[in-house]
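# Chains, contacts and geometry: an overview
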Amino acid sequence: MLAENLPSNGRLRFDHLGVLVPDLAHGRRLLSSVLGVSCWTVEFEDPVNDVFVQFGRCPGGMCYETVAPRSALSPVRNALKRRVNIFNHVAYRVASLAEQGACLRAAGFGAIADPTPAVAYDNQPIQFFANADGLLVELIEAPEHRHVYSAEAASVGVFSFGGLDVEQRQRL
């Protein structure tokens, strides 16, 4: 993204680096052994985006999102099968998806799909953009969102949008 197209008021806030994995348990083992990730959020089942996701933080403070396919039709399954784009995307929280999307478009990015709600962000909209160089950027319209981590990865449960009301979902 060109610096002149970035907002001067700092509205892009780094959130995570997305990593594609065949399943979340594999992702936890991989990132724990290679990068020292030891603090994890709960697992999220996201039927709208057809993925399972979980966030982990390494001792240096970097946040990683492990993304696993939920079904045979999941948008991440093909990349996993071909073993491409495993370090998949960089994500930023923004106040206005429309405004920041326009900045990305001005920098030569195109939207991959329309915005969709994301379970891990209390159903706030997310949208992915790509440029000709293959850089994939996720915008998350949840500027004040904070992930909640637990040191006990094995004890965290799976949270799904289906059938749960707002009070039942843990805000991450």
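Given the structure is predicted, the values throughout are model-derived calculations rather than measurements.

Gaps left between atoms are located by rolling a probe of water-molecule size over the structure's atoms. Looking at the largest pocket, its volume works out to about 650 Å³. Looking at the lining of the largest pocket, the elements with two or more residues in it are β4 (51-57), β5 (63-69), α2 (77-82), β6 (87-93), β8 (116-118), β9 (124-130) and β10 (136-140). In the lining of the largest pocket, the residues fall into 17 nonpolar, eight polar and five charged.

Looking at the chain as a whole, the pLDDT averages 85, with 81% of positions reaching at least 70. For residues 1-8, every residue scores under 50 in pLDDT, and the model assigns this stretch 12 contacts once sequence neighbours within four places are set aside. Contacts of residues 152-172 to residues separated by more than four positions or lying in other chains number 48 contacts, the stretch itself having pLDDT below 50.

All right, on to the pattern of salt bridges then. The full count for this structure, using the stated rule, is five salt bridges. With its nearest N and O atoms 2.7 Å apart, the salt bridge here joins E43 to R28. Residue E43 is located in strand β3 (residues 43-46), and its partner R28 is located in helix α1 (residues 24-35); the two are separated by 15 residues in the primary sequence. Residues E43 and R28 agree in their burial class; the two are buried.

Membership of the largest hydrophobic core comes to 19 residues, with the highest contact counts inside it found for V53 and Y121. At the level of secondary structure, the elements contributing two or more residues to this core comprise β4, β5 and α2. Top element by residues in this core is β4. It accounts for three residues. Core analysis: the second largest hydrophobic core is formed by 10 residues, V19, V21, V37 and C58 among them.

Turning our attention to the side chain of D46. Note on placement: D46 falls in strand β3. One polar contact links D46 to N49, side chain to side chain, over a distance of 3.0 Å. Polar contacts involving the side chain of D46 include one to the main-chain amide nitrogen of V119, which spans 3.2 Å. What D46 contacts, discounting residues up to four positions off in sequence, is V51, R70, P117, A118 and V119.

On to the pairing of β6. Of all seven residues that make up β6, five are buried, and the element is covered over most of its length. Taken together, the six bridges between strand β1 (residues 13-20) and β6 define a ladder with antiparallel strand orientation. Across the sheet, the residue bridging to R13 is R93, located in β6.

The rules we used
- Residues numbered from 1 in each chain as written.
- Predicted model: local features only at pLDDT ≥ 70, side-chain atom pairs only at ≥ 80, totals over all residues.
- Heavy atoms only, no water.
- 1 Å grid on protein atoms, 1.4 Å probe; cavity = no way out; pocket = protein on both sides within 12 Å on 5 of 7 lines; lining within 4 Å.
- Points joined across faces, edges and corners; volume = space filled by probe spheres on them.
- Helix = DSSP H or I, 4+ residues; strand = E, 2+ residues; numbered from the N terminus.
- Nonpolar A, V, L, I, M, F, W, Y, C, P; charged D, E, K, R; others polar.
- pLDDT = per-residue confidence, 0-100.
- Contact = heavy atoms within 4.5 Å.
- Salt bridge = Lys/Arg side-chain N within 4 Å of Asp/Glu carboxyl O.
- Buried < 20%, exposed > 50% of the residue type's maximum accessible area, 1.4 Å probe, protein only.
- Core = buried A, V, L, I, M, F, W, Y, C linked by side-chain atoms within 4.5 Å.
- Polar contact = N/O pair within 3.5 Å; in protein donor to acceptor, adjacent residues only side chain to side chain.
- Pairing = 2+ DSSP bridges.

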